[in-house]
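The primary structure of each chain is shown beneath.
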Amino acid sequence: MRVTLLGTGDTTGTPTVGCTCETCEAARDRGVERTRFSVHVENERTGESLLIDASPDFRYQFLREGVSLPDGIVITHVHFDHLDGLGNVYRLVDDVRVFAPDEVDPQTGRSVAETVDADYHYLDAITVSPESPLSPFETCGFEVTLAPVDHPPQLCYGLAVEDPETGAKLSLSGDTSYDIPEPSREVLADPDVLLADAIVPAHLCEHHPMGGRHAGADGVPRTFGTKHMTREGALALADDLDATETRLVHVAHFYPVEEAFAEPLAVDGEVFEL
């Protein structure tokens with residue numbers, strides 16, 4: 001299993017367009033990026049590849065990293081920075097199956113799978129496959145399991161990708177607060193690599209209108225507002241899940257420059273062989 005981090009940033013990415021903050025300027029000076037979130041997982045045994053979330057930066061990411069076009073795609077939720085790159089498959093692939101959760105979201109009145117099917121009905125290359133959370137399915141020679149997480153007000157999912165031949169396991173928290181249900185934690189547990197949402201460091205919770213939530217025994221918030229984990233929350237989750245290695249993703253440019261490029265925060269283009 002070869003994992004390439006195509007996009008490790010939040011909704012605006014780093015550098016953010018038009019931003020001259022120290023972190024964005026440092027990213028430009030260093031020649032590093034955090035484009036909108038997406039992960040490419042290659043099965044070197046079968047020659048197939050799986051794309052997790054379709055970033056609006058799809059074209060740029062694939063050209064930059066030189067990875068193969070996907071044989072399967074998983075969409076974790078319907079926010080534009082995870083979905084709206086799907087149109088890029090037009091004229092690039094003849095047929096690709098898009099796996100998405102089948103739970104009806106009370107906020108939208110339809111599931112992620114139904115939203116994908118409706119929004120991209122004009123793409124003949126796409127076949128939508130609704131999947132039940134917590135029930136494994138197979139694609140690209142991998143076993144994939146969607147894990148409900150906590151990203152109010154809409155439904156969102158993390159996932160585990162396992163190679164049944166080698167035992168390698170990749171887990172993604174998805175966009176989430178620290179309040180991930182126990183059944184989902186069981187799905188995500190014991191990964192070789194965990195990609196965990198860590199939008200900002202905990203000390204920035206004082207700037208959020210809703211502050212921080214889910215404080216640990218040390219009083220440090222593990223959730224920024226309601227939707228995303230803090231750095232400290234993501235690292236606590238990694239400990240909870242007994243992750244062998246952890247990379248922090250969905251990172252905002254609000255990290256102070258002296259913290260923004262420190263381990264274990266990820267940047268685009270990192271590759272892991274599992």
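Here the structure is a predicted model, which is why all the values come from computation and not from measurement.

1. Comments concerning the pattern of salt bridges
Link 1 in the chain: Applying the stated criterion across every chain, the model contains 13 salt bridges.
Link 2 in the chain: With a shortest N-O distance of 3.1 Å, R231 and E232 are connected by a salt bridge.
Link 3 in the chain: What makes R231 buried here is its relative accessible area of 16%.
Link 4 in the chain: For E232, a relative accessible area of 25% puts it in the partly exposed group.
Link 5 in the chain: One salt bridge connects E270 with R247, and the closest N-O pair in it is separated by 2.9 Å. You can see E270 sitting in the loop between β15 (245–249) and β16 (271–273) and its partner R247 sitting in strand β15, a full 23 residues away along the chain.

2. Quick look at unusual backbone geometry
Link 1 in the chain: Across the junction of P152 and P153, the peptide omega takes the value 10°, indicating a cis bond.
Link 2 in the chain: Secondary-structure assignment places P153 in the loop between β8 (142–148) and β9 (157–162).
Link 3 in the chain: Note that the residue after E263, namely P264, is joined by a cis bond; omega there is 0°.
Link 4 in the chain: Inspection of the secondary structure assignment puts P264 in the loop between β15 and β16.
Link 5 in the chain: Residues other than glycine seldom take positive phi values, yet D53 does so here, at roughly 70°.
Link 6 in the chain: Looking at the secondary structure, you find D53 in the loop between β3 (48–52) and α2 (58–65).
Link 7 in the chain: Positive phi, normally seen in glycine, also occurs at D242, with a value near 60°.

3. Some words on helix α6 (residues 231–241)
Link 1 in the chain: Inspection of α6 places R231, G233, A234, A236, L237, A238 and L241 among the buried residues, and these make up the whole buried set.
Link 2 in the chain: Those residues of α6 that are buried lie in contact with α5 (182–188), β11 (193–197), β14 (228–229) and β15.
Link 3 in the chain: Downstream of α6 by one or two residues, D242 has phi in the positive range, about 60°.

4. Here we look at the pairing of strand β2 (residues 38–43)
Link 1 in the chain: In terms of burial, β2 is largely enclosed, as 5 of its 6 residues are buried.
Link 2 in the chain: Across 5 bridges, strand β1 (residues 2–7) lies against β2 in antiparallel orientation. Bridge pairing in β2 links R2 to E42.
Link 3 in the chain: Of the strand pairs in this sheet, β2 and β3 are connected by 5 bridges, and their pairing is antiparallel. Directly across from E42, in β3, lies its bridge partner S49.
Link 4 in the chain: Taken together, β2 and the strand that follows it, β3, pair antiparallel across an intervening segment of 4 residues, in which G47 is found at a positive phi of about 75°.

What counts, and where the lines are drawn
Residues numbered from 1 in each chain as written. Predicted model: local features only at pLDDT ≥ 70, side-chain atom pairs only at ≥ 80, totals over all residues. Heavy atoms only, no water. Salt bridge = Lys/Arg side-chain N within 4 Å of Asp/Glu carboxyl O. Buried < 20%, exposed > 50% of the residue type's maximum accessible area, 1.4 Å probe, protein only. Helix = DSSP H or I, 4+ residues; strand = E, 2+ residues; numbered from the N terminus. Contact = heavy atoms within 4.5 Å. Pairing = 2+ DSSP bridges.

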